[in-house]
Amino acid sequence: MPTLRSATANASPMGTPLPAETSTPRSVKRRLTPGRAGESPGASRHTSPHRHPHASTGPVHVPKMLSASPKSSRKRLYGDFVAAEKPKWNPRDAAQMRAVKEALHVATVPSSELVCRDNELRRVLEFCEACVEQEKAGSLYVCGCPGTGKTLSINKIKDSLVCWGNETPDALTINCTNLANTSDIFGKMLETFQNRKKGRNKLSPLHQLQSMFSNKDSAPRRMMLVIVDEIDYLITRDRAVLHDLFMLTTCPFSRCILIGIANAIDLADRFLPKLESLNCKPLVVTFRAYSKDQISDIVKHRLKVLEYDVFEPLALEFCARKVAAASGDMRKALGVCRSAVEVLEARLHDFPDKELRIVTFDHMDIALSKAFKSAVVDSILCLPQHQQMVLCALANTFQHCKKKATTLGELNKSYIEICRSTQVPALGMIEFSNMCMVLSDQGFMKLGQSKEDKLRRVTLHIDSSDITFAFKGNRFFQKCLEQRC
């Protein structure tokens with residue numbers, strides 16, 4: 001008997017699964033997912049193909065594990081692969097605040113390896129290892145801008161002396177700023193080579209060192225690493241001390257590995273031409289200024305010992321960009337970061353009920369403003385109001401109007417417009433001319449000569465950005481600086 005269509009429509013679909021409902025990965029995922037919106041919580045969209053066709057169509061009980069929230073399911077599924085969140089920093093905790101400040105202090109030496117100076121360290125280390133292995137004296141000059149990690153890197157090299165060879169060389173570090181006389185450096189070297197026993201020789205320390213390194217019997221057995229920091233302090237009128245110091249490495253039995261450190265990049269070219277003629281010019285290793293990425297990496301590396309985040313990523317990037325653009329000085333960057341932490345600390349004292357748990361962009365902005373505040377900015381802030389308004393008129397002329405020079409008459413018109421917009425009574429032309437002469441005497445601007453005051457040429461002698469920076473946050477002068485030509 002043929003089967004009616006109505007009978008097939010009323011038949012339970014549990015018996016034979018449709019092709020789309022076979023066990024594909026997507027269908028498995030749908031079976032493991034809780035019911036969608038509009039379905040009853042207990043209803044199941046699909047049933048197992050192995051279920052008996054006459055089984056009850058009642059509610060299907062989903063295992064407890066599958067009814068869990070997606071977040072907890074992810075945690076159970078991936079286990080240790082899910083990174084645990086860092087605990088939040090509590091700036092009100094005195095111990096945690098002290099730990100942050102110590103990590104950012106310039107005097108704190110990182111216990112782990114140095115970052116961002118791999119190439120420079122490798123070159124210095126290879127030079128020193130070659131001298132030790134060959135038992136041959138040599139000289140090296142390390143130069144670079146302040147705050148580029150020169151002294152810290154060389155001290156790390158000195159601490160790794162034990163890995164250089166069978167005979168560990170002795171080490172002597174001299175900071176030339178601590179010397180009363182430049183020639184005292186030879187006395188310190190002689191004391192170290194003689195095991196700190198003062199000899200009774202009547203010769204000067206320099207001549208004793210030269211004699212020691214010229215005789216095989218009197219030459220010391222062990223190599224000596226001599227690190228001379230701030231070596232440019234040894235520059236005298238005749239440059240004799242510098243010449244004699246580097247010439248010690250050319251003696252036939254010299255055991256001296258000399259490393260000089262200074263900020264001057266061209267010191268070897270300007271002050272040691274004689275050494276080049278004697279074929280003993282030192283090897284030069286230059287430490288370049290840090291980039292924004294390097295500054296950011298170093299700060300993060302220092303804070304790695306802490307278990308919490310201290311800076312917003314945007315705040316740290318702002319600091320790194322500003323310092324890298326100005327000088328690339330890492331000491332300056334660490335000082336700014338410490339200052340930003342202190343700004344946060346001051347806010348906590350001012351607002352005890354406010355919850356602050358991280359150094360924000362605003363805190364960093366205040367710290368950078370303090371760090372890069374120049375003497376010109378301080379001088380602008382100390383001027384009388386009308387003279388400050390004249391400077392605003394000058395800044396508008398050179399910034400908005402893109403002019404390199406103007407006349408006293410045109411500047412006076414701009415000044416009057418500012419007075420009108422701010423509702424401040426303007427001074428007369430004679431008083432205005434006298435104000436400009438005072439500003440010229442103080443070095444803010446330069447006035448040219450002319451028969452008529454209105455035709456006198458006016459040029460700005462300071463950076464217009466200093467004027468803008470000085471009045472940052474001052475509503476009155478911000479309005480003055482918004483005045484267009």
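About the thresholds
- Residues numbered from 1 in each chain as written.
- Predicted model: local features only at pLDDT ≥ 70, side-chain atom pairs only at ≥ 80, totals over all residues.
- Heavy atoms only, no water.
- Axes fitted to C-alpha atoms, helices over the stretch in contact; angles between N-to-C directions.
- Helix = DSSP H or I, 4+ residues; strand = E, 2+ residues; numbered from the N terminus.
- Parallel < 35°, antiparallel > 145°, perpendicular 65-115°, else oblique.
- Left-handed = near helix turned anticlockwise from the far one by under 90°.
- Contact = heavy atoms within 4.5 Å.
- Nonpolar A, V, L, I, M, F, W, Y, C, P; charged D, E, K, R; others polar.
- Salt bridge = Lys/Arg side-chain N within 4 Å of Asp/Glu carboxyl O.
- Buried < 20%, exposed > 50% of the residue type's maximum accessible area, 1.4 Å probe, protein only.
- pLDDT = per-residue confidence, 0-100.
- 1 Å grid on protein atoms, 1.4 Å probe; cavity = no way out; pocket = protein on both sides within 12 Å on 5 of 7 lines; lining within 4 Å.
- Points joined across faces, edges and corners; volume = space filled by probe spheres on them.
- Domains from an automatic or database assignment.
- Pairing = 2+ DSSP bridges.

Participant: Just checking my understanding: could you explain the packing of helix α5 (residues 118-134) against helix α6 (residues 150-159) for this structure?
Facilitator: Each pair of packed helices can be described by the angle between their axes along with the distance between the axes. Across the interface, α5 lies against α6 with an axial gap of 10 Å and an inter-helix angle of 40°. Comparing their axes, α6 and α5 come out oblique. When the axes of α5 and α6 are compared, the crossing they make is right-handed. Residues L121, V124, L125 and C128 of α5 lie in contact with α6, whose contacting residues are S153, I154 and I157. Tallied by class, the residues present in the contact of α5 with α6 amount to 6 nonpolar, 1 polar and no charged.

Participant: In this structure, what is going on with unusual backbone geometry? I would like to understand it.
Facilitator: Backbone phi values are negative for most residues with the exception of glycine, while trans is the configuration of most peptide bonds. Phi angles above zero are rare outside glycine, and C116 is one such case at about 70°. You can see C116 is positioned in the loop between α4 (94-103) and α5. Unusually for a residue other than glycine, Q423 sits at a positive phi of about 60°. In this structure, Q423 sits in the loop between α18 (408-422) and α19 (429-441).

Participant: How should I be thinking about the pattern of salt bridges in this particular structure?
Facilitator: It is possible for side chains bearing opposite charge to pair when their charged atoms get close. Taken as a whole and judged by the stated rule, the model has 12 salt bridges. Linking R122 and E126 is a salt bridge whose minimum nitrogen-to-oxygen distance equals 3.6 Å. Taken together, the positions of R122 and E126, both in helix α5 and 4 residues apart, correspond to about one turn of that helix. With a relative accessible area of 42%, R122 lands in the partly exposed category. Ionic pairing is found between D329 and R331, a salt bridge with its closest N-O pair at 3.9 Å. Its relative accessible area of 15% is what places D329 among the buried residues.

Participant: Whenever I open this one, the confidence of the model for the protein chain confuses me. Can you help?
Facilitator: Regions with low pLDDT should not have their predicted coordinates read in detail. Summarising the model, the protein chain shows a mean pLDDT of 80, and 78% of its residues fall at 70 or more. Taken together, the stretch residues 1-83 has pLDDT below 50 and engages in 30 contacts with residues farther than four places along the chain or on a different chain.

Participant: Would you mind going over the layout of surface pockets with me for this structure?
Facilitator: Where empty space is left can be seen by rolling a probe of water-molecule size over the atoms. Estimated volume of the largest pocket: approximately 580 Å³. In terms of lining, the largest pocket is formed by 30 residues, of which the most central are G149, K150, T151, L152 and R331. Every element with two or more residues in the lining of the largest pocket is listed here: α6, β4 (256-262), α12 (292-302) and α14 (330-350). In terms of residue count, the dominant contributor to the lining of the largest pocket is α6 (5 residues). Class assignment for the residues of the lining of the largest pocket results in 14 nonpolar, 10 polar and 6 charged. Residues from two domains meet in the lining of the largest pocket; each of domain 1 (117-286) and domain 2 (292-372) gives at least three.

Participant: Hey, could you run me through the pairing of strand β1 (residues 138-144) in this one?
Facilitator: Counting buried residues along β1, 7 of its 7 residues qualify, which places the element largely inside the surrounding structure. Side chains G138, L140, V142 and G144 of β1 all project onto a buried face; the interleaved residues S139, Y141 and C143 project onto the opposite face, where all are buried too. As paired strands, β1 and β4 are joined by 6 bridges and run parallel to one another. Note that in β4 the partner of L140 across the bridge is I259. Relative to strand β5 (residues 283-287), β1 runs parallel, the two sharing 5 bridges. Its bridge partner lying in β5, C143 is registered against T286.

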